Amino acid sequence: MTTERKKLVLIGNGMAGVGTVEQILKLGGAYDITVLGSEPHPNYNRIMLSYVLEGSKTIDDIILNDLDWYKDNGIELHTGTRAVRIDGEARQVVAENGQVFPYDKVIIATGSNSFILPIPGSDKEGVVGFRDIADCEQMLDAAKSYKQAAVIGGGLLGLEAAKGLVNLGMDVTVVHLMEDLMERQLDHTAATMLKAELERQGVKFAMGKQTAELTGDSRVSGLRFSDGTELEAQFVVMAVGIKPNVELAKNSGIDVNRGIVVNDYLATSLPDVYSVGECTEHRGVCYGLVAPLFEQGSVLAKHLSGVDTAPYEGSVVSTKLKISGVDVFSAGEFIDTAEHTVIAAKDDWKRTYKKILLKDGRIVGAVLFGDVTESANLQKLVKTGAEMTDELYSELMGTGCCGGGAKKTASVETMADEEIVCGCNGVTKKAIVDAIQDNGFTTVDEIKACTGATRSCGGCKPVVEQILQYVLGDGFQQSAKTGICGCTTLSRDEIVAEIKAKGLTTTKEVMNVLGWKQEEGCSKCRPAVNYYLGMIYPDTHQDEKESRFVNERMSANIQKDGTFTVVPRMYGGVTTPEDLKRIADVSIKYDVKVVKVTGGQRLDLIGVKKEDVPKVWEELDMPSGYAYAKSLRTVKTCVGSQFCRFGTQDSLGMGALLERKYERLDFPAKFKMAVNGCPRNCAESCTKDIGIVGNDGGWEIFIGGNGGIKPRIADSLCKVKTDEELVEICSAVMQYYRETGNYLERTSEWVERLGLEQIKSVILDQPEERRALAQRIDFALAQVKDPWKKMLNDDKTRTALFEHAEIR
Ligand SMILES: Cc1cc2nc3c(=O)[nH]c(=O)nc-3n(C[C@H](O)[C@H](O)[C@H](O)COP(=O)(O)OP(=O)(O)OC[C@H]3O[C@@H](n4cnc5c(N)ncnc54)[C@H](O)[C@@H]3O)c2cc1C
Ligand SMILES: NC(=O)c1ccc[n+]([C@@H]2O[C@H](COP(=O)([O-])OP(=O)(O)OC[C@H]3O[C@@H](n4cnc5c(N)ncnc54)[C@H](O)[C@@H]3O)[C@@H](O)[C@H]2O)c1
Ligand code: SF4
Ligand code: FES
């Protein structure tokens, strides 16, 4: 006899709701699950939107469960579907589009909406909240067209938004109502230090200001404050708090205060209807951080899966600001009163501050600024209301100021099994230890995939690493180096050695023979293995286009509106009137939206329609500029001795020569060069993978520079006298990097990993090895062909890529 599975409908495809469903699946709860989400995306990590704005993550990076996950778990997902009512009598959920979904149980997890100040002008164009992907995209867009931004609200969200907009090049002022930033988490001392640090990072502040009106016509142009003063801004972000999304519950006759009222098992006033997440009010509290939401979800998942559980009794919250270079932490109580015993240390030199509050000898709150290494420990001590002892005092405060000389956090060895390590996901020490021991895990990524620890804010990663180290003991060092991704425990060096030893020739073969856990690999290992194969067998490896990222498959960079960019090669940044005329003619004919000079001194034809891309290549009849590839992008040059009064070397000639020589070859990551005619360095050699600077006696070669997210000034490798020496050293460095670099590792990271001395010892101290490297790169260079020409001669691929295929 088969029993029919019960129908569970989740309303709200966000972090709390899907987190609960994940737990139900783990517990084996037998439900047919339907998920309704009003956003058009699968479940993503909202927390990480701050990193998307800051530029260190992409939207793709923050997807928590992709569409395959729903399919694989038999979950019916309806994105872009807003539920409007629960009909308790008919036992069905009604959606805005008229669809109905019968249920046995419902979870409401509709989260919150940004609170938009009800002031004149708040509905103008250019005014947004910061809550979802759509808001984030608007912010990224605005930064391209407007200069001045105002962020109203100096809380966690406002400050993360402000720093993101500064990183995008905007002039940003945070408008705050109070005299202290983050007054809900920090005391006056920490708030003052925070403001000073953010000012150093380029954020401006208007404190103690109440916005009375947003001015402008249809688009906002400024803010008028209640004291009559004004601030110019063409873009305004409202970050003044959130409002639980309770509309659906209200429409369904469910008890609602500020949030949807629930009992200790997360049940609402309507039978079989539950609520978790920010929309929920438990014992009078609505939470706005993920840790409490996951704690609620854990209780509800057990309850719905028929597993015994203690009731949910509320959460102690702690927060950490996610701005790189600004370490702030706060947990529990943070303003001292007469009831508290205060332990505090402030170091104006190191710009650190630590305050711990005790009540009746127990730790009830903490604030950290500048050094947050104790945050996980303090979070735990506040949560458990630990008693302060002499031993704990010296562990937390050390003998010097701000914990200087203190021993690190209470060893994980002495942590109780049931202690929560990952507050965001409610993962205990025991769950992590079991996951490592039962599955033979050796990496944090494997622990993350299995337990969820580190998956949200990432603040627990150091403790998870410590547990890994503690469980693996001596095996840790070994394992820490291994595993290029979750599909294998093999390191890059081991994979390369095995490919050579076993004569493996395709990615499929590598994955089969080397025992990949996932037969097909993943988006991390497939392109990496394809690169290693090409590097090892430059003459025989059949490049696997399907293993490459989309831009490389298309030989053009896809833009957010689905059009492409075309960047033709201009050796050394030099062009001719004839080439310019052709570029102009083609741009006009194909209605190119923007022609832009790039940072690498090339012309970028932006906004070419997909079907026109091959025609543009054909009619330009110029080589590909490789602006999309992990390959030599550009050799930037200064004017040099041909024209410049100061020039001692011919940088134009050398730049063009190097670009012609090294173009088209695959590297572990993109590769940029610059050549300067004298040490005035007009073409900025110091931020290039290889930078070359002319001097009276010859050239100086610099390596490992980077100007991107993690800027690094290049190191001087050596000085050479002749052009021949210069070319041989460049060849040897490039090939050594190709042979020892991890896929996607820029030379800035490579130089730091290997050490400059190691690179010098191979390139400078071993002339035979240097020559051998130079010969190997010459052999590889002899095999490369222009991809645009290749594609124009290959009708099948051209049609498949540019006329039919969906781009993914
Ligand atoms: C930029 C940013 C940074 C953050 N950083 C942190 C951080 O560092 N640490 C931290 O702890 N917290 C952080 N938060 C807060 C955290 O993201 C939220 O607490 C958490 O996402 C709330 O989860 P939720 O599932 O309750 O709501 P949500 O994630 O908002 O999910 C609710 C979903 O339900 C959908 N929905 C709403 N109504 C309906 C309906 N009627 N029908 C169908 N679908 C509906 C919504 O579109 C939404 O997708 C941050 C928030 C933001 C915006
Ligand atoms: N790192 C993190 O943990 C993190 C990051 C971003 C967001 N979040 C969460 O997202 C939610 C939203 O964040 P938030 O910062 O908007 O909320 P919030 O309530 O924490 O802060 C809002 C801030 O705006 C100020 N404010 C209110 N009215 C104002 C006005 N008229 N003018 C100027 N300032 C005004 C308040 O004084 C307060 O400091 C919160 O639940 C927060 O915890 C957390
Ligand atoms: S780097 Fe020297 S040679 Fe080159 S343009 Fe500048 S001043 Fe002239
Ligand atoms: S504490 Fe945030 S991910 Fe673990």
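Just above sits the structure.
Just so you know, these numbers come straight off a predicted model, no measurement behind them.

Brief notes about the nonpolar core
Core analysis: the biggest nonpolar cluster contains 47 residues, and Leu159 and Leu194 have the highest contact counts within it. Elements supplying a minimum of two residues to this core: helix H2 (49-54), helix H4 (133-145), strand S10 (148-152), helix H5 (156-167), strand S11 (171-175), helix H6 (188-200), strand S16 (235-238) and strand S25 (362-369). Examining the composition of this core, we find that six residues originate from one element, H5, more than from any other. Beyond its immediate stretch of four places on either side in the chain, Leu159 contacts Gly154, Val174, Leu181, Met182, Leu194, Leu198, Phe205, Leu321 and Ile323.

Some remarks on the sheet that holds S10
If you walk across this open sheet you meet the five strands as S9-S16-S10-S11-S12, and the pairing is parallel. Single-partner strands in this sheet number two, and they are strand S9 (127-128) and strand S12 (204-206). Strand contacts of H5: S10, S11, S12 and S16, with the helix running at about 170° to S11, the strand carrying the most contacts.

Here we look at the environment of Lys195
Along the chain, Lys195 falls in helix H6. When the C-alpha atoms of Lys195 and Asp180 are compared, they prove to be 8.4 Å apart, with 15 residues separating the residues in sequence.

Here's the deal with the site of ligand 2
As a matter of local geometry, ligand 2 sits amid 21 residues, with Glu160, Glu183, Arg184, Gly288 and Lys320 nearest to it. Separating an oxygen atom of ligand 2 from a backbone N or O atom of Ala239 is a distance of 3.3 Å. In this structure, Gly241 approaches ligand 2 through a main-chain N or O atom, which is 2.9 Å from an oxygen atom. Within the complex, 87% of the 840 Å² of free accessible area of ligand 2 lies under protein. Among the elements that take part in the shell around ligand 2, H5 stands out by supplying three residues, more than any other. Tallied by class, residues from the shell around ligand 2 come to eleven nonpolar, five polar and five charged.

Here's the deal with the packing of aromatic side chains
Inspection of the entire model under this criterion finds eleven aromatic pairs. Both rings, one in Tyr531 and one in Tyr532, keep their centres 5.6 Å apart while their planes meet at 65°; by these two values the pair is edge-to-face. Residue class for Tyr531 comes out buried when judged on its relative accessible area of 5%. Residue classification places Tyr532 among the buried residues on the basis of a relative accessible area of 2%. Taken together, Phe667, Phe671, Tyr736, Tyr737 and Trp750 form an aromatic cluster joined through their ring pairs. When the ring centre of Tyr146 is taken as origin, the NZ or CZ atom of Arg219, which lies over that ring, is 3.8 Å away.

The rules behind these values
Residues numbered from 1 in each chain as written. Chains lettered and ligands numbered in written order. Predicted model: local features only at pLDDT ≥ 70, side-chain atom pairs only at ≥ 80, totals over all residues. Heavy atoms only, no water. Core = buried A, V, L, I, M, F, W, Y, C linked by side-chain atoms within 4.5 Å. Buried < 20%, exposed > 50% of the residue type's maximum accessible area, 1.4 Å probe, protein only. Helix = DSSP H or I, 4+ residues; strand = E, 2+ residues; numbered from the N terminus. Contact = heavy atoms within 4.5 Å. Pairing = 2+ DSSP bridges. Axes fitted to C-alpha atoms, helices over the stretch in contact; angles between N-to-C directions. Near = heavy atom within 4 Å. Polar contact = N/O pair within 3.5 Å; in protein donor to acceptor, adjacent residues only side chain to side chain. Areas by Shrake-Rupley, 256 points an atom, 1.4 Å probe, with all protein chains shown as cover. Nonpolar A, V, L, I, M, F, W, Y, C, P; charged D, E, K, R; others polar. Phe/Tyr/Trp six-rings, centres within 6.5 Å; stacked < 30°, edge-to-face > 60°. Lys NZ or Arg CZ within 6 Å of the ring centre and 35° of its normal.

Geometric values such as these leave the question of function open.
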